Amino acid sequence: MEVAVKEKVEKILRGELRYTSANLAFNMLISKMQKRLRAGSVDMDTCMKEMDEFLAKYPIVAKVDLANIAAL
Amino acid sequence: MLVKLDEAVRLINEGKILHIAADDSLLRQLPKGKWIGGTTPYFISEEGGLMTKERLFVNEIDYAEEIRVESYGKYNIFQIVEECYDNGLTMLIMPYGSLVATKYAKEAPEVEELLMHPTVGWISGFDLTTNGTASVYDGTRGVSYTDKAVAMYIKLPEGKSAMINMINIFSDDKTDPVIRFYDNDLSVTKCTVNGQEVTFSEYIKKTGIDTKMPLVADYNGSYINTSIKDVADGEVSFYAPVFRNIEYRFAVNVDDYAARFREKINEAGARNPVLSCNCILNYQFGNLSGQKIPPYTGPVTFGEVAYQLINQTLVYCEILEEEPK
């Protein structure tokens, strides 16, 4: 993930930036990570690792989301 | 597509890989083969919504590289995240009212790795005018269950991915009161409304809320519904569980259910869903009998699985293909 996109994803997870994907699983994952961060049960690095794994697993779908997030 | 029994038998005997939904009286007549199934007599077909015990709804799974079928009880249902194909799709059917469905409903959202494995499916049901029993079928072994889930693991060829999505006509009004629950549960007595503890059934009665409208939770812009099953004796029961630490609001009232449904379907723009299932509550409240909603044909179900159990929603799955380089 490019640095600029990574920063935006971190902002999304902190709730400072709003992005809704057309991919239900991605929205569920963002929501889950936001909830865990708010509860303090995980740190940002752990969340970003999970986001990376998800996006790497589904490159066809991730390409659209990463382009949309970059454009935010 | 809806087919007669002899056509379904022919497809099975030809070795086709199939997902089948039908009344139990038909499913029990099918031969062994590469299929899984669940009971329901309600469908959205190419001809429109209908109830029939004369025909079966069949999806051919012609995009699979290979498949495996397994069944699970409440103690091992979450093995699905370990036993699925790395690049695949898991199709899951669970009987309504079974312990395995309850376990899945309550715990799936917290299962690690679940979102990494596309999982789509439904809760099997029965004719609502009878005291029927919901069943699922593992056609590969020729067995049916009322207490187990059946999963078909579908391996997808390289360059293809499964994408699961939903059509939900409901959303919330962020100025409405926030409702929170104390636990992950299928029935509750107490909750908090804007931080104040209330008896939920009394709150519903006092505010005159139309319980055809589900509770909705905003999962980063994807709204997940929890529909109310009953309000009685100080207790409110649900078709899918509510979860602690999730903010709920009652859905904004929908005046013309069917029109709103069509509007959302047009917005979704799915081209070729390989599986879709629509909730029995949409069928009933939206008067979908006789209504066509192409391209979303499939069983009408007692709950939908889009990773976790949801309801009052249309869930569908598409197979996406990587663009040639």
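Scroll up to find the structure this text is about.
Criteria and thresholds
Residues numbered from 1 in each chain as written. Chains lettered and ligands numbered in written order. Predicted model: local features only at pLDDT ≥ 70, side-chain atom pairs only at ≥ 80, totals over all residues. Heavy atoms only, no water. 1 Å grid on protein atoms, 1.4 Å probe; cavity = no way out; pocket = protein on both sides within 12 Å on 5 of 7 lines; lining within 4 Å. Points joined across faces, edges and corners; volume = space filled by probe spheres on them. Helix = DSSP H or I, 4+ residues; strand = E, 2+ residues; numbered from the N terminus. Nonpolar A, V, L, I, M, F, W, Y, C, P; charged D, E, K, R; others polar. Contact = heavy atoms within 4.5 Å. Polar contact = N/O pair within 3.5 Å; in protein donor to acceptor, adjacent residues only side chain to side chain. Salt bridge = Lys/Arg side-chain N within 4 Å of Asp/Glu carboxyl O. Buried < 20%, exposed > 50% of the residue type's maximum accessible area, 1.4 Å probe, protein only. Pairing = 2+ DSSP bridges.

**A look at empty space enclosed by the protein**
If you walk through the whole model with that rule in mind, you get 5 cavities of 30 Å³ or more. Space inside the largest cavity adds up to approximately 170 Å³. In terms of lining residues, the largest cavity is bounded by 15 residues, among which Met28 and Lys32 of chain A together with Pro109, Tyr219 and Gln308 of chain B are the most central. Of the residues forming the lining of the largest cavity, the biggest block, 4 residues, is contributed by helix H2 (residues 24–39) of chain A. When grouped by side-chain class, the residues that make up the lining of the largest cavity number 10 nonpolar, 2 polar and 3 charged. Quantified by volume, the second largest cavity comes out at close to 60 Å³. In this structure, the second largest cavity is lined by Ala217, Tyr219, Ile224, Asn225, Thr226, Ala240, Pro241, Phe243, Tyr248, Gln308, Leu309 and Ile310 of chain B. Only strand E18 (215–219), strand E19 (222–226), strand E21 (235–242) and strand E26 (308–310) of chain B provide two or more residues apiece to the lining of the second largest cavity. Looking at side-chain class alone, the lining of the second largest cavity contains 9 nonpolar, 3 polar and no charged residues.

**Digging into the layout of surface pockets**
Each pocket or cavity is described by its volume, and for the second largest pocket that value is around 480 Å³. Looking at the second largest pocket, it is lined by 21 residues, and the ones nearest its centre are Ser31, Gln34 and Arg38 of chain A together with Asp218 and Glu247 of chain B. Element by element, the count of residues in the lining of the second largest pocket is highest for H2 of chain A, at 5 residues. In terms of residue class, the lining of the second largest pocket is made up of 7 nonpolar, 5 polar and 9 charged.

**Side note on the environment of tryptophan 35 of chain B**
Residue and element names in this part refer to chain B. Relative to the helices and strands, tryptophan 35 is located in strand E3 (residues 35–39). With 104 residues separating them in the primary sequence, tryptophan 35 and glycine 139 have C-alpha atoms 4.8 Å apart. Sequence-distant contacts of tryptophan 35, that is, excluding residues within four places in its chain, are made with Ile12, Leu18, Ile20, Leu27, Leu30, Tyr137, Asp138, Gly139, Thr140 and Met152. Among the polar contacts listed, one links the side chain of tryptophan 35 to the backbone oxygen of proline 31, at a separation of 2.8 Å.

**Thoughts on the pattern of salt bridges**
Counted under the stated rule, the structure contains 25 salt bridges over all chains. Notably, a salt bridge pairs lysine 6 of chain A with glutamate 10 of chain A, separated by 3.3 Å at the nearest N-O pair. Taken together, the positions of lysine 6 of chain A and glutamate 10 of chain A, both in helix H1 (residues 3–14) and 4 residues apart, correspond to about one turn of that helix. With its nearest N and O atoms 3.6 Å apart, the salt bridge here joins aspartate 172 of chain B to arginine 249 of chain B. On the criterion of sequence distance, the pair formed by aspartate 172 of chain B in the loop between strand E13 (160–167) and strand E14 (179–180) and arginine 249 of chain B in strand E22 (residues 249–250) is long-range, its members being 77 residues apart. Of the two residues, aspartate 172 of chain B and arginine 249 of chain B, neither departs from the other in class, the shared state being buried. Salt bridges here are not isolated pairs; linked through shared partners, they connect Arg18 of chain A together with Asp172, Lys174, Asp218 and Arg249 of chain B.

**Section: the side chain of threonine 301 of chain B**
Structurally, the position occupied by threonine 301 of chain B is in strand E24 (residues 298–301). There is a polar contact of 3.3 Å between the side chain of threonine 301 of chain B and the backbone oxygen of glycine 303 of chain B.

**Observations regarding the sheet that holds E19 of chain B**
Strand order across the open sheet formed by 3 strands is E19-E18-E22 (chain B), with antiparallel pairing between neighbours. Looking along the sheet, the strands with just one partner apiece sit at the ends: E19 and E22 of chain B.

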